[in-house]
Each structure stands twice: as C-alpha cells, then as structure tokens.
Amino acid sequence: MATNINSPIRIHGIAAFQDNYIWAIDNGEYALVVDPGEAQPVLDYLARQHLTLSTILITHHHGDHTGGINDLSQYFSPTVYGPEKEHIKGVSVSVHPRDTIHIPQLDLDFTILDFAGHTRGHIGYYAPGMLFCGDTLFSAGCGRIFEGSPTDLFQALNTIKQLPLETEIYCAHEYTQNNLQFALDVEPNNLLLHNYAKQVAELRVNNHSTIPTRLSQELLINPFLRTDQESLQHTLKQRFNHIDCTPLALFTFLRAWKNIYPSPLHY
Ligand SMILES: [Zn+2]
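These figures come from a predicted structure and were not determined experimentally. What you see as residue numbers is a count from 1 along each chain, following the sequence as written. Local features are withheld for residues below a pLDDT of 70 in this predicted model, meaning they are given only at 70 or higher, and side-chain atom pairs are given and counted only at 80 or more; totals for whole chains, interfaces and linings count all residues. Note: side-chain values were computed over all heavy atoms of the structure, leaving out hydrogens and water.

Points about the domain arrangement of the protein
Splitting the protein by domain gives domain 1 (2–171) and domain 2 (178–260). Residue ranges for the domains trace back to a domain assignment, done automatically or taken from a database. Just the C-alpha atoms count here: the centres of domain 1 and domain 2 sit 25 Å apart. Note on contacts: a residue pair is in contact if any heavy atoms of the two residues lie within 4.5 Å. In this complex, domain 1 contributes 27 residues to the contact, which on the side of domain 2 involves 28 residues. Summed over both partners, the accessible area (1.4 Å probe) lost when two parts come together is defined as the buried area. Of the roughly 2,400 Å² buried between domain 1 and domain 2, counting both surfaces, carbon and sulfur atoms make up 66%. For domain 1, the biggest contributors to the area lost against domain 2 are Ala 140, Phe 154 and Lys 161; these three give 27% of the whole. The term salt bridge refers to a pairing of a side-chain nitrogen on Lys or Arg with a carboxyl oxygen on Asp or Glu at a separation within 4 Å. Our enumeration of links across domain 1 and domain 2 arrives at 2 salt bridges. A salt bridge links Lys 161 to Asp 228, with the nearest nitrogen and oxygen atoms 3.3 Å apart.

This is the structure in structure tokens:
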C-alpha cells in the first residue's frame, strides 16, 4: 500500500492473472482502477473496502488490461477513459496525448502522455508523484514492441525520463526479477544493480510486490533507460566489437536481445 502525502488517497495493487497489477486509487469512498483485465478481483476489493467505482483508466487495448471493463461497467457505470487511437469496447471518453483529465470524485488531474511503441496508441496517465504506464516501462525492463517501432518506444521512455525523479512508476506487471537477470547480464559491473537484485529477491521470496518503482531508481538500474550512459556503452562495446553505441541503436539492440533472452545473441 502506497500513500500520497499530499492528498488523502491510497493506491493499492490488485493482483490479477499470473502477474498483472490492476492499480486502484481511492479516497475511502470512491475508487478509480487502471487497466482492469478482469472484473472479479476488482469487485472483491471494492466490496471489501466498501468503495464505489467512479472511473476506469485504460492504457492500451490488450485483453489483460481491458477484459474487465464490461462487467465493471454493468455494476457501477464508471467513466471509462481510453486512448483515442485504439478502438476499445466500453471506453466512454477517448483521450489524446497532452490532454488533461479531471477526476472530480478523487480531485485528481492526470496528463495524458504518448507512449506509442508496445501498441500503436498506448498512453500513460501522469499526476504529480505517480505515473501509470501500462506495458511501457517495467522495473529493470520495458515492454515488447508489438505495433510501434523501436524509435516510438525509445521516445516513450525518454518522455518518462523527463518526469520528476521522485515519480513513482505503477506498471502493470510483476516482471522485475525476470528482467533483472537480463539487466545483470547487460551490466555485470553495475553495483547498484546487484544491490537492487538482492532487495528484489528478498521481496519476492516473501511474495511481496516490487512495484511501484521510483524513476530515480530505474535510472540507475534499468538498461533500457541507460543507453546514454558511458559505462553501459563501454561494457557493451567490449563484448560486441562493432556495436553502434548511439542511444537509439543500443536501445534497439537491447530490445531485440531481450526478445530472445536467455538464448545467446549471435552478433
Ligand atoms: Zn500489453
């Protein structure tokens, strides 16, 4: 349970499927949920906490982020926000990057960010201190590129890098431990990464969440945010002689490598 110190709201991750988080924000009376891939765990949580669902935020069209919209809408009639570029059944308000939306029940404003890459119209929802980024950035990793280009996802990650360092990142999956195996292979000399891997291993062995993660932390350990760092460039140059070390080329290389990991990369 994370608490925002500036307003009386709580943020809670509702576990769904194998490793999804459906994030719920509430003020004790009303709740908003992000990417409800299934309805039942959300309905259970709302009933336990005596909350009324006022709002649903959708980041992209994949079924594990949208599958619960229909049932939740039948119970509560929430306002459902979703990306303009993706036609998602049940979305009542289409939003566009740079829009700002106001959630009156929670007195929260979100700015819509363009996170094309994982899907063509993927968006993020940012309010001071918190980012709901769907499948764009994960702790120690990033989303797969299904519909966009490496340039699109690289730009989305650069947009995240411009946010305040203290921003808590609420991504939609518990992929951290798996991502760390790859990150450690990419940057075996990054001591902070080793420390983080130890912390994460302790959390996971006790079945605790590693999310949210903080932007300041990710900048130190997430290889997909670090392709502009000389230390990472140097490490990869030693291993792959002819590699192009411009940040976008390195990002493209790492994303392609991660897709087949742990198979070896013949470069
Ligand atoms: Zn997805």
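Side note on the pairing of strand β6 (residues 79–83)
The buried fraction of β6 amounts to 4 of the 5 residues, a majority that puts the element mostly inside the structure. Note: strand β5 (residues 52–57) against β6, 3 bridges, orientation parallel. In the sheet register, Thr 55 faces β6, and the bridge partner there is Thr 79. Here the rule is simple: two strands pair whenever DSSP picks up at least two bridges between them. Secondary structure elements are taken from DSSP: a helix is a run of H or I of four residues or more, a strand is a run of E of two residues or more, and numbering for both begins at the N terminus. Across 3 bridges, the pairing between β6 and strand β7 (residues 93–95) is parallel. Across the sheet, the residue bridging to Gly 82 is Ser 94, located in β7. Burial classes: relative accessible area under 20% of the type maximum marks a residue as buried, over 50% as exposed, and values in between as partly exposed (1.4 Å probe, protein chains only).

A short note on the packing of aromatic side chains
Each Phe, Tyr or Trp ring, with Trp reduced to its six-membered ring, pairs with another whose centre is within 6.5 Å; inter-plane angles below 30 degrees give stacked pairs, above 60 give edge-to-face pairs, and intermediate values give tilted ones. Following the criterion strictly, the structure yields 15 aromatic pairs and no others. With centroids separated by 5.3 Å and ring planes inclined at 40 degrees, the aromatic side chains of Tyr 21 and Trp 23 adopt a geometry described as tilted. Each member of the pair, Tyr 21 as well as Trp 23, is classed as buried. Taking the centre distance of 5.0 Å and the plane angle of 70 degrees together, the rings of Phe 240 and Phe 253 count as edge-to-face.

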